[in-house]
Amino acid sequence: MRAADPIRWPDGKQSAAAFTFDVDAESAVLWNAPEDAGRMSVMSHQAYGPLVGVPRLLALLDHHQIRSTFFVPGYTAHRYPGVVRDIARAGHEIAHHGYLHEQPSAIDLAGQIANLDRGLEALAEVAGVRPVGYRAPMWDLSWETPALLSERGFLYDSSLMDADVPYELSIVPGSEKSIVEIPIQWALDDWEQYCFLPDISGSGLIETPAKARELWTSEFEGLHEEGGCWVLTNHPFLSGRPGRAKHLGELMAEVMATKGVWVASLEEIAMHTRSLDLTPRSIVRPEL
(Lines give C-alpha, C1' and ligand atoms only; values in the text may rest on other atoms or scores of the structure.)
Protein backbone atom coordinates (compact mmCIF):
# COMPACT_ATOMS: atom_id res chain seq x y z
CA MET A 1 0.00 0.00 0.00
CA ARG A 2 1.10 3.59 -0.61
CA ALA A 3 -0.15 7.04 0.32
CA ALA A 4 -2.27 9.08 -2.08
CA ASP A 5 -0.40 11.50 -4.32
CA PRO A 6 -0.78 15.29 -3.88
CA ILE A 7 -3.45 16.93 -6.04
CA ARG A 8 -3.10 19.85 -8.44
CA TRP A 9 -6.24 21.94 -7.99
CA PRO A 10 -7.85 23.98 -10.80
CA ASP A 11 -6.69 27.51 -11.62
CA GLY A 12 -3.75 27.29 -9.24
CA LYS A 13 -5.96 26.89 -6.16
CA GLN A 14 -4.25 25.69 -2.99
CA SER A 15 -7.00 23.40 -1.65
CA ALA A 16 -10.58 22.29 -2.16
CA ALA A 17 -13.63 22.41 0.11
CA ALA A 18 -17.11 20.91 -0.07
CA PHE A 19 -20.26 21.30 2.02
CA THR A 20 -22.21 18.05 1.86
CA PHE A 21 -25.50 16.95 3.42
CA ASP A 22 -26.86 13.50 4.23
CA VAL A 23 -30.66 13.69 4.07
CA ASP A 24 -31.22 10.58 6.17
CA ALA A 25 -34.53 11.60 7.78
CA GLU A 26 -36.27 8.56 9.30
CA SER A 27 -34.13 6.05 7.41
CA ALA A 28 -31.16 6.65 9.73
CA VAL A 29 -32.99 5.03 12.65
CA LEU A 30 -35.35 2.60 10.91
CA TRP A 31 -32.83 0.30 9.25
CA ASN A 32 -32.32 -2.73 11.47
CA ALA A 33 -34.80 -1.25 14.01
CA PRO A 34 -38.21 -0.98 12.27
CA GLU A 35 -39.88 -0.98 15.69
CA ASP A 36 -38.68 2.62 16.11
CA ALA A 37 -41.39 3.64 13.65
CA GLY A 38 -43.71 3.32 16.65
CA ARG A 39 -41.91 6.14 18.49
CA MET A 40 -43.67 9.31 17.32
CA SER A 41 -41.25 11.72 18.99
CA VAL A 42 -38.23 10.01 17.42
CA MET A 43 -39.87 10.11 14.00
CA SER A 44 -40.64 13.82 14.45
CA HIS A 45 -36.99 14.47 15.35
CA GLN A 46 -35.92 12.95 12.03
CA ALA A 47 -38.70 14.57 10.01
CA TYR A 48 -37.39 18.00 11.02
CA GLY A 49 -34.61 17.49 8.47
CA PRO A 50 -36.62 17.43 5.25
CA LEU A 51 -39.49 19.57 6.55
CA VAL A 52 -37.53 22.45 8.09
CA GLY A 53 -33.79 21.85 7.83
CA VAL A 54 -33.51 21.35 4.08
CA PRO A 55 -35.32 24.59 3.12
CA ARG A 56 -33.21 26.55 5.61
CA LEU A 57 -29.97 25.02 4.30
CA LEU A 58 -30.95 25.57 0.68
CA ALA A 59 -31.45 29.24 1.48
CA LEU A 60 -28.01 29.40 3.11
CA LEU A 61 -26.33 27.77 0.13
CA ASP A 62 -28.11 30.12 -2.24
CA HIS A 63 -27.04 33.15 -0.18
CA HIS A 64 -23.39 32.09 -0.28
CA GLN A 65 -23.57 30.86 -3.89
CA ILE A 66 -22.34 27.36 -3.03
CA ARG A 67 -23.18 24.29 -5.09
CA SER A 68 -23.44 21.37 -2.70
CA THR A 69 -23.89 17.60 -2.75
CA PHE A 70 -26.91 16.03 -1.04
CA PHE A 71 -26.71 12.30 -0.32
CA VAL A 72 -30.29 11.01 -0.38
CA PRO A 73 -31.47 7.53 0.67
CA GLY A 74 -34.13 6.15 -1.67
CA TYR A 75 -36.60 5.91 1.21
CA THR A 76 -36.22 9.63 1.88
CA ALA A 77 -36.91 10.35 -1.78
CA HIS A 78 -40.09 8.25 -1.68
CA ARG A 79 -41.29 9.76 1.62
CA TYR A 80 -40.42 13.40 0.77
CA PRO A 81 -40.45 13.63 -3.05
CA GLY A 82 -41.18 17.37 -3.13
CA VAL A 83 -38.19 18.14 -0.89
CA VAL A 84 -35.83 16.07 -3.03
CA ARG A 85 -37.11 17.78 -6.17
CA ASP A 86 -36.50 21.15 -4.49
CA ILE A 87 -32.85 20.16 -3.97
CA ALA A 88 -32.52 19.25 -7.64
CA ARG A 89 -34.29 22.43 -8.80
CA ALA A 90 -31.86 24.51 -6.72
CA GLY A 91 -29.03 23.11 -8.84
CA HIS A 92 -27.36 20.89 -6.25
CA GLU A 93 -25.96 17.44 -6.86
CA ILE A 94 -28.08 14.52 -5.65
CA ALA A 95 -26.01 11.45 -4.78
CA HIS A 96 -26.78 7.91 -3.60
CA HIS A 97 -26.96 6.96 0.09
CA GLY A 98 -28.56 3.52 0.11
CA TYR A 99 -32.29 2.87 0.18
CA LEU A 100 -33.14 2.62 3.90
CA HIS A 101 -29.67 3.73 5.08
CA GLU A 102 -28.52 0.10 5.14
CA GLN A 103 -24.98 -0.54 6.41
CA PRO A 104 -23.16 -2.25 3.50
CA SER A 105 -20.63 -4.13 5.63
CA ALA A 106 -23.46 -5.79 7.57
CA ILE A 107 -25.30 -7.11 4.50
CA ASP A 108 -24.55 -10.00 2.16
CA LEU A 109 -23.66 -9.37 -1.49
CA ALA A 110 -27.18 -9.95 -2.78
CA GLY A 111 -28.54 -7.46 -0.26
CA GLN A 112 -25.95 -4.85 -1.17
CA ILE A 113 -26.87 -5.17 -4.85
CA ALA A 114 -30.58 -4.91 -4.09
CA ASN A 115 -30.11 -1.77 -1.96
CA LEU A 116 -27.93 -0.08 -4.56
CA ASP A 117 -30.38 -0.75 -7.36
CA ARG A 118 -33.44 0.14 -5.32
CA GLY A 119 -31.84 3.46 -4.37
CA LEU A 120 -31.01 4.19 -8.01
CA GLU A 121 -34.59 3.46 -9.04
CA ALA A 122 -36.01 5.74 -6.33
CA LEU A 123 -33.82 8.73 -7.26
CA ALA A 124 -34.63 8.29 -10.95
CA GLU A 125 -38.35 7.99 -10.23
CA VAL A 126 -38.58 10.96 -7.87
CA ALA A 127 -35.97 13.43 -9.12
CA GLY A 128 -35.16 12.17 -12.60
CA VAL A 129 -31.46 11.83 -11.76
CA ARG A 130 -28.87 9.12 -12.27
CA PRO A 131 -26.36 9.84 -9.50
CA VAL A 132 -22.64 9.68 -10.19
CA GLY A 133 -21.68 9.75 -6.50
CA TYR A 134 -22.18 7.39 -3.57
CA ARG A 135 -21.64 7.55 0.18
CA ALA A 136 -22.06 4.43 2.28
CA PRO A 137 -24.68 4.66 5.02
CA MET A 138 -22.95 4.65 8.40
CA TRP A 139 -19.79 5.53 6.40
CA ASP A 140 -19.15 1.79 6.39
CA LEU A 141 -18.13 0.69 2.90
CA SER A 142 -17.87 -3.03 2.24
CA TRP A 143 -14.95 -4.55 0.37
CA GLU A 144 -17.36 -5.40 -2.47
CA THR A 145 -18.79 -1.90 -2.86
CA PRO A 146 -16.18 -0.32 -5.19
CA ALA A 147 -16.70 -2.98 -7.85
CA LEU A 148 -20.50 -2.75 -7.51
CA LEU A 149 -20.33 1.01 -7.98
CA SER A 150 -18.06 0.69 -11.01
CA GLU A 151 -20.43 -1.82 -12.62
CA ARG A 152 -23.25 0.72 -12.28
CA GLY A 153 -21.31 3.59 -13.79
CA PHE A 154 -20.65 5.62 -10.64
CA LEU A 155 -17.84 8.16 -10.93
CA TYR A 156 -16.97 8.44 -7.24
CA ASP A 157 -17.42 7.28 -3.66
CA SER A 158 -17.04 9.36 -0.49
CA SER A 159 -16.80 6.88 2.40
CA LEU A 160 -13.13 6.13 3.13
CA MET A 161 -10.68 7.88 5.43
CA ASP A 162 -7.11 7.01 4.45
CA ALA A 163 -6.06 10.25 2.71
CA ASP A 164 -6.29 14.04 2.80
CA VAL A 165 -6.93 14.29 -0.95
CA PRO A 166 -9.07 12.50 -3.55
CA TYR A 167 -7.53 9.60 -5.43
CA GLU A 168 -8.37 6.84 -7.87
CA LEU A 169 -9.52 3.80 -5.87
CA SER A 170 -8.92 0.41 -7.50
CA ILE A 171 -12.16 -1.54 -7.56
CA VAL A 172 -10.11 -4.45 -6.22
CA PRO A 173 -6.47 -4.15 -5.08
CA GLY A 174 -4.14 -4.25 -8.07
CA SER A 175 -6.84 -3.52 -10.63
CA GLU A 176 -6.36 -0.69 -13.12
CA LYS A 177 -10.14 -0.15 -13.11
CA SER A 178 -11.10 2.46 -10.54
CA ILE A 179 -13.55 4.96 -9.15
CA VAL A 180 -12.61 8.28 -7.60
CA GLU A 181 -12.51 8.30 -3.80
CA ILE A 182 -13.12 11.59 -1.96
CA PRO A 183 -12.15 10.97 1.69
CA ILE A 184 -14.14 12.02 4.73
CA GLN A 185 -13.44 11.90 8.49
CA TRP A 186 -15.45 11.69 11.71
CA ALA A 187 -14.20 15.07 12.94
CA LEU A 188 -16.03 16.67 10.01
CA ASP A 189 -19.46 15.18 10.74
CA ASP A 190 -22.16 16.93 12.77
CA TRP A 191 -23.61 13.65 14.11
CA GLU A 192 -20.84 13.32 16.70
CA GLN A 193 -21.40 16.92 17.82
CA TYR A 194 -25.16 17.21 17.94
CA CYS A 195 -27.05 13.92 17.78
CA PHE A 196 -28.83 12.53 20.81
CA LEU A 197 -31.73 10.10 20.56
CA PRO A 198 -32.56 8.17 23.75
CA ASP A 199 -31.68 4.47 23.43
CA ILE A 200 -30.56 5.06 19.83
CA SER A 201 -27.58 7.40 19.48
CA GLY A 202 -25.36 9.70 21.50
CA SER A 203 -24.42 10.04 25.16
CA GLY A 204 -26.67 12.98 25.97
CA LEU A 205 -23.84 15.50 25.56
CA ILE A 206 -24.90 17.94 22.84
CA GLU A 207 -22.15 20.36 21.82
CA THR A 208 -22.69 24.04 21.11
CA PRO A 209 -22.48 25.30 17.50
CA ALA A 210 -19.44 27.33 18.56
CA LYS A 211 -17.63 24.14 19.64
CA ALA A 212 -18.51 22.35 16.40
CA ARG A 213 -17.48 25.34 14.31
CA GLU A 214 -14.15 25.58 16.15
CA LEU A 215 -13.41 21.94 15.33
CA TRP A 216 -14.44 22.24 11.68
CA THR A 217 -12.48 25.48 11.25
CA SER A 218 -9.35 23.88 12.69
CA GLU A 219 -9.63 20.98 10.25
CA PHE A 220 -10.25 23.39 7.38
CA GLU A 221 -7.19 25.47 8.21
CA GLY A 222 -4.99 22.39 8.47
CA LEU A 223 -6.18 20.85 5.22
CA HIS A 224 -5.87 24.18 3.41
CA GLU A 225 -2.23 24.45 4.47
CA GLU A 226 -1.63 20.87 3.31
CA GLY A 227 -3.28 21.43 -0.07
CA GLY A 228 -5.96 18.91 0.85
CA CYS A 229 -9.69 18.47 0.39
CA TRP A 230 -11.97 19.52 3.27
CA VAL A 231 -15.33 17.71 3.12
CA LEU A 232 -17.89 18.69 5.76
CA THR A 233 -20.88 16.40 6.31
CA ASN A 234 -24.04 17.81 7.89
CA HIS A 235 -27.47 16.29 8.46
CA PRO A 236 -30.48 18.58 7.93
CA PHE A 237 -32.23 17.25 11.06
CA LEU A 238 -29.18 18.37 13.07
CA SER A 239 -27.45 21.32 11.40
CA GLY A 240 -30.69 22.63 9.94
CA ARG A 241 -31.76 23.92 13.38
CA PRO A 242 -31.59 27.71 13.69
CA GLY A 243 -28.59 28.29 15.97
CA ARG A 244 -26.52 25.65 14.24
CA ALA A 245 -27.49 26.88 10.78
CA LYS A 246 -26.47 30.41 11.79
CA HIS A 247 -22.95 29.24 12.69
CA LEU A 248 -22.80 27.06 9.58
CA GLY A 249 -23.62 30.06 7.43
CA GLU A 250 -20.84 32.06 9.08
CA LEU A 251 -18.44 29.17 8.42
CA MET A 252 -19.53 29.12 4.77
CA ALA A 253 -18.69 32.82 4.52
CA GLU A 254 -15.25 32.26 6.05
CA VAL A 255 -14.43 29.37 3.74
CA MET A 256 -15.64 31.26 0.67
CA ALA A 257 -13.50 34.27 1.65
CA THR A 258 -10.31 32.24 2.11
CA LYS A 259 -7.85 32.93 -0.68
CA GLY A 260 -6.89 29.91 -2.75
CA VAL A 261 -9.80 27.61 -1.84
CA TRP A 262 -11.88 25.95 -4.54
CA VAL A 263 -15.39 25.43 -3.14
CA ALA A 264 -17.24 22.87 -5.23
CA SER A 265 -19.63 19.94 -5.24
CA LEU A 266 -18.19 16.45 -4.90
CA GLU A 267 -19.15 15.75 -8.50
CA GLU A 268 -16.98 18.64 -9.65
CA ILE A 269 -14.10 17.53 -7.42
CA ALA A 270 -14.39 13.97 -8.72
CA MET A 271 -14.43 15.10 -12.34
CA HIS A 272 -11.29 17.16 -11.77
CA THR A 273 -9.57 14.23 -10.04
CA ARG A 274 -10.45 11.92 -12.94
CA SER A 275 -8.95 14.43 -15.39
CA LEU A 276 -5.53 14.09 -13.69
CA ASP A 277 -5.09 10.47 -14.85
CA LEU A 278 -3.78 9.32 -11.47
CA THR A 279 -2.46 5.80 -10.91
CA PRO A 280 -5.12 3.81 -8.99
CA ARG A 281 -4.37 2.79 -5.43
CA SER A 282 -6.17 0.96 -2.67
CA ILE A 283 -6.01 -0.39 0.85
CA VAL A 284 -5.68 -4.14 1.31
CA ARG A 285 -7.93 -6.21 3.54
CA PRO A 286 -5.97 -7.64 6.49
CA GLU A 287 -5.66 -11.42 6.58
CA LEU A 288 -5.77 -12.71 10.15
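Counting of residues starts from 1 at the beginning of each chain's written sequence and follows it residue by residue. Local features in this predicted model are restricted to residues whose pLDDT is 70 or higher, and side-chain atom pairs enter the listing and the counts only when it is 80 or higher, whereas totals over whole chains, interfaces and linings include all residues. The side-chain numbers reported here are obtained from all heavy atoms of the structure, hydrogens and water having been left aside.

An unreviewed UniProt entry lists the chain under the name Polysaccharide deacetylase, from Salinibacterium xinjiangense.

Draft legend 1. Spotlight on the side chain of Asp-24. Secondary structure follows DSSP: runs of H or I at least 4 residues long count as helices, runs of E at least 2 residues long count as strands, and numbering of each begins at the N terminus. Checked against the element boundaries, Asp-24 lands in the loop between strand 1 (15-22) and helix 1 (27-30). Within the buried core, Asp-24 has no salt-bridge partner, and the shortest N-O distance to an opposite charge, that of Arg-135, equals 8.3 Å. Any N or O atom pair separated by 3.5 Å or less is treated as a polar contact, with the protein-specific requirement of one donor-capable and one acceptor-capable atom, and with residues adjacent in sequence counted only for side-chain atom pairs. At 3.2 Å, the side chain of Asp-24 and the side chain of His-97 are in polar contact. When sequence neighbours within four positions are dropped, the list of residues in contact with Asp-24 reads Pro-73, Thr-76, His-97, His-101, Trp-191 and His-235. Partly exposed describes any residue whose relative accessible area lies between the buried limit of under 20% and the exposed limit of over 50%, with all areas from a 1.4 Å probe on protein chains only and scaled to the type maximum. Charged-residue counts in this description rest on Lys and Arg as positive and Asp and Glu as negative, His and the chain ends being excluded. Definition used for salt bridges: Asp or Glu carboxyl oxygen within 4 Å of a side-chain nitrogen of Lys or Arg. By definition, residues are in contact when any of their heavy atoms lie within 4.5 Å.

Draft legend 2. Structural detail: the packing of aromatic side chains. Working definition: a ring pair exists when centres of Phe, Tyr or Trp rings (six-membered ring for Trp) sit within 6.5 Å. Plane angles under 30 degrees give stacked, over 60 give edge-to-face, the rest tilted. In this structure the tally under the stated criterion is nine aromatic pairs. With centroids separated by 5.0 Å and ring planes inclined at 25°, the aromatic side chains of Phe-21 and Phe-70 adopt a geometry described as stacked. Of this pair, Phe-21 sits in strand 1 while Phe-70 is found in strand 2 (residues 69-72), placing the two residues 49 residues apart along the sequence. Sitting over the face of the ring of Tyr-48, Arg-241 holds its NZ or CZ atom 3.7 Å from the ring centroid. The rule for a charge over a ring is simple: NZ of Lys or CZ of Arg within 6 Å of the ring centre, and within 35 degrees of the ring normal. Taking NZ or CZ as reference, Arg-281 lies 4.3 Å from the ring centre of Tyr-167, over its face.

Draft legend 3. Highlighting the pattern of salt bridges. With the rule as written, the count across this model stands at 14 salt bridges. For Glu-250, the salt bridge goes to Lys-246, with nearest N and O atoms at 2.9 Å. Here Lys-246 and Glu-250 lie together in helix 10 (residues 242-257), a separation of four residues that amounts to about one turn. By relative accessible area, which is 29% here, Glu-250 ends up partly exposed.

Draft legend 4. Just the UniProt feature "domain: NodB homology" (unreviewed entry) in the chain, in detail. UniProt positions are given in the numbering used here, feature names are shortened, and annotations may be inferred rather than shown by experiment. Using the residue numbers shown here, the UniProt feature "domain: NodB homology" (unreviewed entry) corresponds to residues 39-264. Annotation note: span residues 39-264, helix share 48%, strand share 13%, distance between end C-alpha atoms 38 Å.

Draft legend 5. View of the nonpolar core. We define the nonpolar core as a collection of buried residues of types Ala, Val, Leu, Ile, Met, Phe, Trp, Tyr and Cys that are connected through side-chain atoms lying within 4.5 Å of one another. Ranked by internal contacts, the top residues of the largest apolar core, which has 47 residues, are Phe-19 and Trp-230. With sequence-adjacent residues up to four places away left out, Phe-19 is seen in contact with Ile-66, Ser-68, Thr-69, Trp-230, Leu-232, Leu-248, Leu-251, Met-252, Val-255 and Val-263.

Draft legend 6. Focus on the environment of Trp-143. Assignment of secondary structure puts Trp-143 in the loop between strand 4 (133-134) and helix 6 (145-151). According to the relative accessible area criterion, Trp-143 is partly exposed, its value standing at 41%. For Trp-143 and Val-255, which are 112 residues apart along the polypeptide, the C-alpha to C-alpha distance reads 34 Å. What Trp-143 contacts, discounting residues up to four positions off in sequence, is Ile-283, Val-284, Arg-285 and Pro-286.

Draft legend 7. Quick look at the packing of helix 2 (residues 40-64) against helix 4 (residues 81-89). Axis separation between helix 2 and helix 4 bottoms out at 10 Å; the angle between their running directions is 10°. With respect to helix 4, the element helix 2 is oriented roughly parallel. Contacts between helix 2 and helix 4 involve Pro-50, Val-54 and Leu-58 from the former and Val-83, Asp-86 and Ile-87 from the latter. Here the contact of helix 2 with helix 4 is built from residues that sort into five nonpolar, no polar and one charged. A fitted line through C-alpha atoms serves as each axis, taken over the contacting stretch for helices, and the angle formed by two N-to-C directions is quoted from 0 to 180°. Each angle gets one of four labels, with under 35 degrees taken as roughly parallel, over 145 as roughly antiparallel, 65 to 115 as roughly perpendicular, and the rest as oblique. All residues other than Ala, Val, Leu, Ile, Met, Phe, Trp, Tyr, Cys, Pro, Asp, Glu, Lys and Arg, Gly among them, are scored as polar; the first ten of these are nonpolar and the last four charged.

Draft legend 8. View of a negative patch on the surface. Together, Asp-164, Glu-221, Glu-225 and Glu-226 give the surface a local cluster of negative charge. Its relative accessible area of 47% is what places Asp-164 among the partly exposed residues. For patches, a residue must show more than 30% relative accessible area and have no salt bridge; joins then use 9 Å for like charges and 5 Å for nonpolar side chains, namely Val, Leu, Ile, Met, Phe, Trp and Tyr. Note on areas: Shrake-Rupley, 1.4 Å probe, and residue coverage restricted to the protein chains presented here. Every charge is mapped onto a representative atom, which is NZ of Lys, CZ of Arg, CG of Asp or CD of Glu.

Draft legend 9. Geometry of the pairing of strand 7 (residues 178-181). Both strand 5 (residues 156-157) and strand 7 contribute to a ladder of two bridges, which runs parallel. The partner of Asp-157 across the bridge, within strand 7, is Glu-181. The pairing criterion for strands is at least two bridges between them, as found by DSSP. Pairing analysis gives four bridges linking strand 6 (residues 167-170) to strand 7, with the strands arranged antiparallel. For Tyr-167, the partnering residue across the bridge sits in strand 7 and is Glu-181.

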